[in-house]
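Remarks on the overall topology
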Amino acid sequence: MATLWRRRERFLGVPGRLCRTVRALSGKNEYDLLVIGGGSGGLACAKEAAQFGRKVAVLDYVEPSPQGRKWGLGGTCVNVGCIPKKLMHQAALLGSALKDAQHYGWNIAQPVHHTWSVMAHAVQNHVKSLNWGHRVQLQDKKVKYFNMKGSFSDPHTIRGLTKAGKETIVTAENIVIATGGRPKYPTHIAGALEYGITSDDLFWLKESPGKTLVVGASYVSLECAGFLTGIGLDTTVMMRSIPLRGFDQQMASLVTEHMEHYGTRFLKRCFPTKVEKLEGNRLQVTWKNTDLGTEETDCFDTVMWAGRPELTPTAIAAGKLLARRLFGQSSELMDYDSVPTTVFTPLEYGCVGLSEEAAVQCYGSDNVEVYHAYYKPLEFTVAERDATQCYIKMVCLREREQRILGLHFIGPNAGEVIQGFALGIKCGATYPQLMKTVGIHPTCAEEIIKLHITKRSGLDATVTGC
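Residues numbered from 1 in each chain as written. Predicted model: local features only at pLDDT ≥ 70, side-chain atom pairs only at ≥ 80, totals over all residues. Heavy atoms only, no water.

**So, the state of the cysteines**
Under the definition given, this model contains 0 disulfides. With no disulfide of its own, Cys351 lies closest to Cys82 among cysteine sulfurs, the gap being 15 Å. With relative accessibility at 8%, the residue Cys351 sits in the buried group. (Disulfide = S-S within 2.5 Å. Buried < 20%, exposed > 50% of the residue type's maximum accessible area, 1.4 Å probe, protein only.)

**Observations concerning the nonpolar core**
In terms of nonpolar packing, the biggest core is built from 72 residues, with Trp116, Tyr349, Met394, Leu407, Phe409 and Ile448 touching the most fellow members. If we ignore the near neighbours within four places in the chain, the residues touching Ile448 are Ile392, Met394, Leu407, Phe409, Val417, Phe421, Leu434 and Met435. (Core = buried A, V, L, I, M, F, W, Y, C linked by side-chain atoms within 4.5 Å. Contact = heavy atoms within 4.5 Å.)

**A look at the confidence of the model for the protein chain**
The predicted model of the protein chain has a mean per-residue pLDDT of 93, with 94% of residues at 70 or higher. With pLDDT under 50 throughout, residues 1–22 is counted as low confidence; its partners more than four residues away or in other chains account for 18 contacts. (pLDDT = per-residue confidence, 0-100.)

**What to know about the pattern of salt bridges**
If you walk through the whole model with that rule in mind, you get 19 salt bridges. The shortest N-O distance in the salt bridge between Glu223 and Lys85 comes to 2.8 Å. In this pair, Glu223 is assigned in helix α9 (residues 219–230) and Lys85 in helix α5 (residues 82–101), connecting sequence segments 138 residues apart. Of the two residues, Glu223 and Lys85, both sit in the buried class. We note a salt bridge from Asp335 to Lys426, for which the minimum N-O separation is 2.9 Å. (Salt bridge = Lys/Arg side-chain N within 4 Å of Asp/Glu carboxyl O. Helix = DSSP H or I, 4+ residues; strand = E, 2+ residues; numbered from the N terminus.)

**Let's talk about the side chain of Glu356**
Structurally, Glu356 can be placed in helix α12 (residues 356–363). For Glu356, the side chain forms a polar contact with the side chain of Lys455, separated by 2.7 Å. Setting aside anything within four residues of it in sequence, one finds Glu356 in contact with Asp248, Gln250, Val370, Lys393, Val395, His408 and Lys455. (Polar contact = N/O pair within 3.5 Å; in protein donor to acceptor, adjacent residues only side chain to side chain.)

**Topic: the sheet that holds strand β6 (residues 167–177)**
Within the open sheet, the 6 strands sit side by side as β3-β2-β1-β6-β5-β4. Their pairing is mixed. The open sheet is flanked by β3 (144–146) and β4 (149–154), the only strands paired with a single partner. Between one strand and the next, the sheet's axes are offset by a mean angle of 40°, whatever the strand orientation. As defined by bridge partners, strand β5 (residues 157–161) adjoins β6 across 5 bridges and the pair is classed as antiparallel. In the sheet register, Arg159 faces β6, and the bridge partner there is Ile169. Taken strand by strand, helix α11 (residues 312–327) contacts β1 (31–36) and β6, and its axis lies near 85° from that of β6. (Pairing = 2+ DSSP bridges. Axes fitted to C-alpha atoms, helices over the stretch in contact; angles between N-to-C directions.)

**Topic: helix α3 (residues 40–51)**
The end-to-end C-alpha separation of α3 is 17 Å, in line with the 16 Å expected for 12 residues at 1.5 Å each. With 11 of 12 residues buried, α3 lies mostly within the body of the structure. Of the positions making up α3, those classed as buried are Ser40, Gly41, Gly42, Leu43, Ala44, Cys45, Ala46, Lys47, Glu48, Ala49 and Ala50. Tucked inside the fold, the buried residues of α3 contact β1, β2 (56–59), α4 (75–80), α6 (116–140), β6 and α11. Trailing α3 by a residue or two, Gly53 shows a phi angle of about 80°, which is positive. (Expected span 1.5 Å × (residues − 1).)

**Here we look at the sheet that holds strand β10 (residues 265–268)**
Pairing within the open sheet is parallel, and its 5 strands lie in the order β7-β14-β8-β9-β10. Of all strands in the sheet, those with a lone pairing partner are β7 (197–198) and β10, marking the two edges. Where β7 meets strand β14 (residues 302–305), 2 bridges bridge the pair, whose relative direction is parallel. Looking at β14, one finds that Ile197 is bridged to Met304. Most of the contacts of α9 go to strand β9 (residues 235–239), to which it runs at about 160°, and overall it touches β8 (212–215), β9, β10 and β14.

**Section: the environment of Leu33**
In this structure, Leu33 sits in strand β1. Measuring from C-alpha to C-alpha, the distance between Leu33 and Ala49 comes to 7.7 Å, with 16 residues separating the pair along the chain. Setting aside its immediate chain neighbours within four residues, Leu33 contacts Cys45, Ala46, Ala49, Lys55, Val56, Ala57, Ala172, Asn174, Val176, Leu326 and Phe327.

**A short note on the environment of Ser241**
Secondary-structure assignment places Ser241 in the loop between β9 and α10 (249–262). Residue Ser241 is classed as partly exposed on the basis of its relative accessible area of 34%. The spatial distance from the C-alpha of Ser241 to the C-alpha of Ala217 is 8.1 Å, given a sequence separation of 24 residues. A distance of 2.8 Å separates a polar atom in the side chain of Ser241 from a polar atom in the side chain of Arg245.

**With respect to the packing of α5 against α6**
Two numbers describe a pair of packed helices, the interaxial angle and the distance between the axes. Running from N to C, α5 and α6 cross one another at 145°; their axes reach a closest spacing of 10 Å. By crossing handedness, the relation of α5 to α6 is classed as right-handed. Contacts between α5 and α6 involve Ile83, Pro84, Leu87, Met88 and Ala91 from the former and Trp116, Met119, Val123, His126, Val127 and Leu130 from the latter. Here the residues of the contact of α5 with α6 sort into 10 nonpolar, 1 polar and no charged. (Left-handed = near helix turned anticlockwise from the far one by under 90°. Nonpolar A, V, L, I, M, F, W, Y, C, P; charged D, E, K, R; others polar.)

Spelled out as structure tokens, the structure:
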């Protein structure tokens, strides 16, 4: 690359001078908008800009992971995030459903086995279909797609370089950087980069990861550990401090408690110091236990470092709003308050608005009322499933109207439940308004509109009856 750059300097002078000269002669840039990054936010911005009749291009390039994995258009969500994660989570849920089915009269031969390669092949084929779908959408909207890695020559000029080394110069009046993020390796840990993987690799493995250590306690970590456990793999989560940082910590504790009951092993207040490769491709991990002050080791087939990518719907919304501000005479900014989300752990956790801790910090404990309930989903009864961690919490202001500040739900289909309530909370719904809402019976979501016991009262919050 350095040689190529110097050669261009010899013939063209200062890099970018030719581009600026061409632009000066033509009087305009080639594109109204160039988006660097073909993920959720970048594609949304590009397609929205095209709706305004603007000439738009997208430049996207996937740098292979240290383990050599790469993928197509669509960014983290499509390729190594939300989509494959949810499908593998579904695979794990089906495994639990097979156990439940026997209680409902289904005769299922035991033991039941899961085949990773079959699941992975089906998931990867779906992802590839989405890659193609994004390309077709760009073509339909007349958005030019460049599969190139870009770098700035000047504020309106991008040098694009293909995998084969071919260079293309692209100019644009507006350039949006929407490259997103990639998982980071803890390079200070010996062997981490050489022998570990990240979520960039997990979803593209052709063979089962086997006994797996997932390092970290982010939602990515817990989701991956959850579905690995669910399909029958020996899975351990190593966490240095608290799980699900930034989420309500009572809910986070319930999530990890259920995962432990579900079969995931947790190494709490531990951090790895080195990873070594043994004979037979096994990996020996050494870590320190800060509670005991000891050094411990164990062997695994796979060690995964888990990061924390941003939320896809938020990126899409922000991308669209940016395009409208640039080309649609809009001044609307992205509102990051009351953004709903769900952690797809074996027992899902969905939430919108403030955590209990954040509400108390903002308004003071005397001004916050928390309604809560422990409930048992009807589906769990016949199957004799434990519902100890099925819990709902609504955080409200104590003032007369009791505006809802946050809603937290642990249970089946949490994402579907929270998505519906998110609109009301975004619109400023109050506790009395919620109490006037008629429930759909019998559902888990119905338990939300039946909340009536406060934490302050000290009464038993366990739901009885139907």
